[in-house]
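# Coordinates in review
Listed here are the chains, written in short residue letters.
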Amino acid sequence: MLNYLNGTAGKLREIYVLPYSSSFALNPTLEMELDQGKMDQEPGRPTWNRQIEFTLAGIGCAVGLGNIWRFPYLCYRSGGGAFLVPYLLMLLVMGIPLLYMELILGQYMRRGPVHALAKACPLLKGVGLATVAISFIMCTYYNIIITWGLYYLFSSFQSPLPWQSCNNTWNTPNCTDHINPNTSSHSSTASQQFFNYRMLERTGGVEESGVLRWELFLLLLLAWILLYFCIFKGVKSTGKVVYFTALFPYVILLALLINNVQLPGAMEGISFFIVPNWEKLLELEVWINAAAQIFNSIGIGFGSLMAMSSYNNFNNNILKDTLAISITNSLTSILAGFVIFSAFGYMSHLQNIPVSELAVDGPGLVFVVYPQAFATMPVAPLWAILFFFMLLCLGLDSQFAMVEVMATSLMDGFGGPLMKFLRHKEMLVLAVCSTAFLLGIPHVMQVGIYVFQLMDHYTAIVSLMFLAFFEVLAICGLYGVRRLSANLKEMTGNRPNIFFRVCWMFVAPLLITIILVFTIIQFKPARYEDYVYPPWAQGIGWVIAMASIIWIPLGALHTLWVLPGSFTEPTMERRKNSRKSR
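Residues numbered from 1 in each chain as written. Predicted model: local features only at pLDDT ≥ 70, side-chain atom pairs only at ≥ 80, totals over all residues. Heavy atoms only, no water.

## Observations concerning a nonpolar patch on the surface
Put simply, the rule is: In this scheme, patches are assembled from residues that exceed 30% relative accessible area and form no salt bridge. Like charges are connected within 9 Å, while nonpolar side chains (Val, Leu, Ile, Met, Phe, Trp, Tyr) are connected within 5 Å. All accessibility values rest on the Shrake-Rupley procedure with a 1.4 Å probe; residue burial counts only the protein chains present in the view. By salt bridge we mean one thing: a side-chain nitrogen of Lys or Arg within 4 Å of a carboxyl oxygen of Asp or Glu. Under the scheme used here, helices are H or I runs from DSSP no shorter than 4 residues and strands are E runs no shorter than 2 residues, and both carry numbers assigned from the N terminus.
Among the surface-exposed residues, L89, L92, I498, F499, V502 and F506 lie close enough to one another that they form a single nonpolar patch of about 530 Å² accessible area. At the level of elements, α5 (84-109) and α20 (498-521) are the ones that each hand at least two residues to the nonpolar patch. Counting residues per element, the nonpolar patch draws most heavily on α20, which supplies 4 residues. Mapped onto the elements of the fold, V502 is located in helix α20.

Laid out in C-alpha cells, this is it:
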C-alpha cells in the first residue's frame, strides 16, 4: 500500500520573505509557506513505500549506459589513470553538492521540476519546463539504445556469434576478423560490419532515408512495452522493479570482471586504467571532460531525480540518499572501467599492439569493440547474453526516470482535467510512452543512426550545458543558498554544513560557467565517423536544441508580463504590487 500524506495539520498561514542572496542583485520575493501541510498542496500525493526504494531508483537513474561506455571512453582518451584524479575531485566539489541541491528542492516543494522551480524562482520558471522538454526529447531516442541492446541480446543465443567471422551475407570484401597494424585502413572488423550492415543496414547519409527496419521497429515497440509495465503504477510499480534492475547489473559486472582478469593481457589494460599519465593533467580538456562526465552521469539538469524526490517523506534525511546515489554512481563507473580495460588488454594482446593504439570511439565501445572481445572468449555466447541483459537493465532504469519526469509534471500541472478525461494515471503514462514511441520511429529506419547521432549531439551536449547553467543560477543564485538552507532545516532540523554552502555559492556556479564557456568555444558540428552532416541537417539540430532551451527566456518573459507595473520597474516592486492587487 502506498503511504499518503494527509497534510491536515496546522493551517496557520505564515508568509515570510528571506533577504536577497548576496551573490546576485536580482532575487524575486517569494511567498513561502513554512507548514508542511501547506507545502503539500496535493493531500493525496503518494510516497515511496520504503525509503530504500527511492535510493535504488535514484541509483538506477544515475547509473546507466554512460557508466559502461562514456566513462571508459573518456578515461581512455584522457590518458587512463590521469582522468581519475579530476573525476574524483569534480565528484566532491560539484557532483555531490548539486545533487544535494536538487533533492532538497524537490523534497521540500513536493513537486516535479516545472512547479518546484516556478515556485522557487518565478523569473526562471522556464528552467523547469526546459528540464521536462530535454528529458522527453532524450527518452525518445535513448530507448533506441535499449532496442539495439535487445537486438544484440537475441542475436547472442547462437554459436558462433554472428559478428565472430566474415562469412556472412552482409559482410563486404574488406571485412577482416582482426585489426592489426599491417591491415589496410579501409578494412573493418566483422563486429563493425554486423553493427553497420546487419543491424542498422545504414544508408550513406542523412539525405537517404532508406526503409523501415521492421526488426528494429518491433524491438522498439517491445522496449516501450517493457518500460510501460515497469512504471505504469508510478512509484508503486517502479519501487518494486528497481530492486532487480538496479542491483542485478552489479552481479553481471562482477562476473565479467572475474572472467576478464583471467584473460591474457588483461593486466596491461588494467595498468593503463589505474596508472596516471601525469602530463595529461596539464591539459584543460581533461578537467573539462571530467566535470562534464560527473554532470551527465549523475543527471544534474534533467529533473529526473528532483521529480523522484518529490515523492519522499517530508522529513527524510536527504543527505544519505545524496551520498548513496552519487558515490555508488562513481564506484560503478570505476568498476566498469576495470571490466572494460581488462578487455582492452586482452584485445591488445590478440592484435599485438599497445592498449593506447586500440580503435575506440564513443558508443561503438558497447556495440563494436566489446562484442569483438566476446567473440574470442571461452563460452562467448554466455558472456554476450549477460552483458547485453545488463545493458537492458541499465537502460530501463534511466528510462524510468525520464518518463516519470513528464508524467509527474503533467499530473502536477493538469492533474484534475487529465484525470477527468483519462480517468487513471496509467492511461497518462500510456499516452506519454505511445507519443515517445511514435517519435522514435525515424531512428529505426535505415537512416536511423544519423538521426540518433544528430539528436544526441545537440541535446546531450548543447542543450544540457545551457540548462545546467540556468538551473544553478535559479536555485543557488536567485532562490538563494540561505533559503535552501532554511528549507533543509525545516525538513531535517539541520542546516547544510559550510562545505555545501561554499560549493553552492561559489564553486559550482564557477565550474558550470567554465564548462559552458568551453562547450561554446570548443563546439564542433555533429558528425558520424567520417560523415559530416550537411548545413540543413545542422540547422535541424539547432532546432532540436532550441526545443528545450527556448522555454527559459519564454518563462522569464511570461513572469515579467503577468506582474503589474512597467518593464522598467524593478522585479521586487512588481511582485509587491502583484500581492497588493490580490
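## Section: the packing of aromatic side chains
We apply this condition: Two rings from Phe, Tyr or Trp (for Trp, the six-membered ring) form a pair when their centres sit within 6.5 Å of each other. Planes less than 30 degrees apart are called stacked, planes more than 60 degrees apart edge-to-face, and all others tilted.
The final tally for this structure, using the stated rule, is 49 aromatic pairs. Taking 5.4 Å as the distance between ring centres and 75 degrees as the angle between the ring planes, the aromatic pair formed by W214 and F217 counts as edge-to-face. Of this pair, W214 and F217 both sit in helix α9 (residues 214-231), 3 residues apart, roughly one helical turn. Pairing Y458 with W542 gives two aromatic rings, centres 5.3 Å apart and planes at 65 degrees, and the pair type is edge-to-face. Residue Y458 is located in helix α19 (residues 448-492), and its partner W542 is located in helix α21 (residues 535-549); the two are separated by 84 residues in the primary sequence.

## Observations concerning the side chain of S342
For clarity, the cut-off: Whether a residue is buried, partly exposed or exposed follows from its accessible area with a 1.4 Å probe, protein chains only, as a fraction of its type maximum: under 20%, in between, or over 50%, in that order. The term polar contact refers here to a pair of N or O atoms within 3.5 Å; inside protein, the definition further demands a hydrogen-donor-capable atom paired with an acceptor-capable atom, and it admits residues adjacent in sequence only when both atoms are side-chain atoms. The contact rule is simple, with two residues in contact once any of their heavy atoms fall within 4.5 Å.
Mapped onto the elements of the fold, S342 is located in helix α15 (residues 318-351). In this structure S342 comes out as buried when scored by relative accessible area, which is 0%. At a separation of 3.4 Å, a polar atom in the side chain of S342 contacts the side chain of N260. Only 2.7 Å separates the side chain of S342 from the backbone oxygen of V339, close enough to count as a polar contact. The contact partners of S342, leaving out residues within four places of it in the chain, are N260, A266 and I270.

## Some remarks on empty space enclosed by the protein
Gaps between atoms show up when a probe of the same size as a water molecule is rolled over them. Using the following cut-off: Here the term cavity refers to a set of points on a 1 Å grid, laid over the protein atoms alone, in which a 1.4 Å probe fits but cannot get out; the term pocket refers to an open set having protein on both sides within 12 Å along at least five of seven lines, with lining residues being those that place an atom within 4 Å of a point. Grid points are joined across faces, edges and corners, and a volume is the space filled by probe spheres set on the points. Here the nonpolar group is Ala, Val, Leu, Ile, Met, Phe, Trp, Tyr, Cys and Pro; Asp, Glu, Lys and Arg are the charged ones; every other residue, Gly included, is treated as polar.
Going through the model one piece at a time under the given rule, you end up with 6 cavities of 30 Å³ or more. When its volume is computed, the largest cavity comes out at roughly 470 Å³. The wall of the largest cavity is formed by 28 residues, among which G66, R70, M138, Y142 and N296 lie closest to the centre. Secondary structure elements with two or more residues in the lining of the largest cavity: α2 (51-62), α3 (65-68), α7 (126-155), α13 (284-298), α16 (364-374), α17 (380-422) and α19. Here the lining of the largest cavity is composed, by residue class, of 17 nonpolar, 9 polar and 2 charged.

## Observations regarding the packing of α13 against α20
Short version of the rule: Axis definition: a line fit to C-alpha positions, over the contact stretch in the case of helices; interaxial angles, taken between N-to-C directions, run 0 to 180 degrees. Every angle not falling under 35 degrees, over 145, or within 65 to 115 is termed oblique; those three ranges are roughly parallel, roughly antiparallel and roughly perpendicular. Crossings are assigned a handedness: left-handed for a near helix turned anticlockwise from the far helix by less than a right angle, right-handed for a clockwise turn.
At their nearest, the axes of α13 and α20 sit 10 Å apart, and the two run at 115 degrees to each other. In terms of orientation, α13 and α20 fall into the roughly perpendicular class. Between α13 and α20 lies a crossing of left-handed hand. Mapping the contact onto sequence places L284, I288, A291, A292 and F295 in α13 and I512, I514, I515 and F518 in α20. Per-class residue counts for the contact of α13 with α20 are 9 nonpolar, no polar and no charged.

## Overview of the state of the cysteines
As a reminder of what qualifies: Pairs of cysteine sulfur atoms within 2.5 Å are what we label disulfides.
The full count for this structure, using the stated rule, is 1 disulfide. Residue C166 pairs covalently with C175 via a disulfide, S to S 2.0 Å. Because the torsion about its S-S bond is -75 degrees, the bridge between C166 and C175 counts as left-handed. What makes C175 buried here is its relative accessible area of 15%. With no disulfide of its own, C433 has C139 as its nearest cysteine by sulfur position, at a separation of 7.8 Å. Using a relative accessible area of 4% as the deciding quantity, one classes C433 as buried.

## A short note on unusual backbone geometry
Residue P160 is reached from S159 by a cis peptide bond, and omega for that bond is 0 degrees. Along the chain, P160 turns up in the loop between α7 and β5 (175-176). Of note, E201 is a non-glycine position whose phi angle comes to about 50 degrees, a positive value. By the element assignment, E201 lies in the loop between α8 (190-199) and α9. With a relative accessible area of 30%, E201 lands in the partly exposed category. At V379, a residue that is not glycine, the phi angle is positive and equals roughly 50 degrees.

## Side note on the nonpolar core
Quick reminder of the rule: Residues belong to a common nonpolar core when they are buried Ala, Val, Leu, Ile, Met, Phe, Trp, Tyr or Cys residues joined through side-chain atoms within 4.5 Å.
Formed by 191 residues in total, the largest nonpolar core has its most connected members in W148, F195 and F387. In contact with F387, not counting residues within four places along its chain, are I68, I252, L256, V366, Y370 and F374.

## Topic: the UniProt feature "binding site: Na(+)" (unreviewed entry) in the protein chain
So the rule is basically this: UniProt positions are given in the numbering used here, feature names are shortened, and annotations may be inferred rather than shown by experiment.
As recorded in UniProt, the sites labelled "binding site: Na(+)" (unreviewed entry) are G60, A62, V63, N67, S297, N329, L394, D397 and S398. A stretch of 339 residues holds the annotated residues, and the largest C-alpha distance among them is 13.0 Å, short enough that they meet in one place. Lining the largest cavity, out of the annotated residues just given, are A62, V63, N67, S297 and S398. Mapping S297 onto the fold places it in helix α13. Sequence-distant contacts of S297, defined by excluding residues within four places in its chain, comprise A62, N67 and N329. Looking at the element boundaries, N329 is found in helix α15. Residue classification places N329 among the buried positions, given a relative accessible area of 0%. If near-sequence neighbours (up to four positions away) are discounted, N329 is found in contact with A62, V63, N67, Y87, S297 and I298.

## What to know about the packing of α5 against α19
Following both chains from N to C, one finds α5 and α19 inclined at 65 degrees, their axes separated by 9 Å at the closest point. α5 and α19 meet at a crossing whose hand is left-handed. Packed against α5, whose contacting residues are L98, Y100, M101, E102, I104, L105, Q107, Y108 and M109, the element α19 presents E471, V472, I475, C476, Y479, L484, N487, L488, E490 and M491 at the interface. Broken down by class, the residue content of the contact of α5 with α19 amounts to 14 nonpolar, 2 polar and 3 charged.

## Quick notes on the pattern of salt bridges
Summed over all chains, the structure comprises 4 salt bridges. The partner of E215 in a salt bridge is R213, with the nearest N and O atoms 3.2 Å apart. Among the residues examined, E215 registers a relative accessible area of 35% and is labelled partly exposed. Relative accessible area serves as the criterion here: at 6%, R213 is assigned to the buried category. Among the ionic contacts, a cluster of salt bridges with common partners joins R198, E201, R213 and E215.

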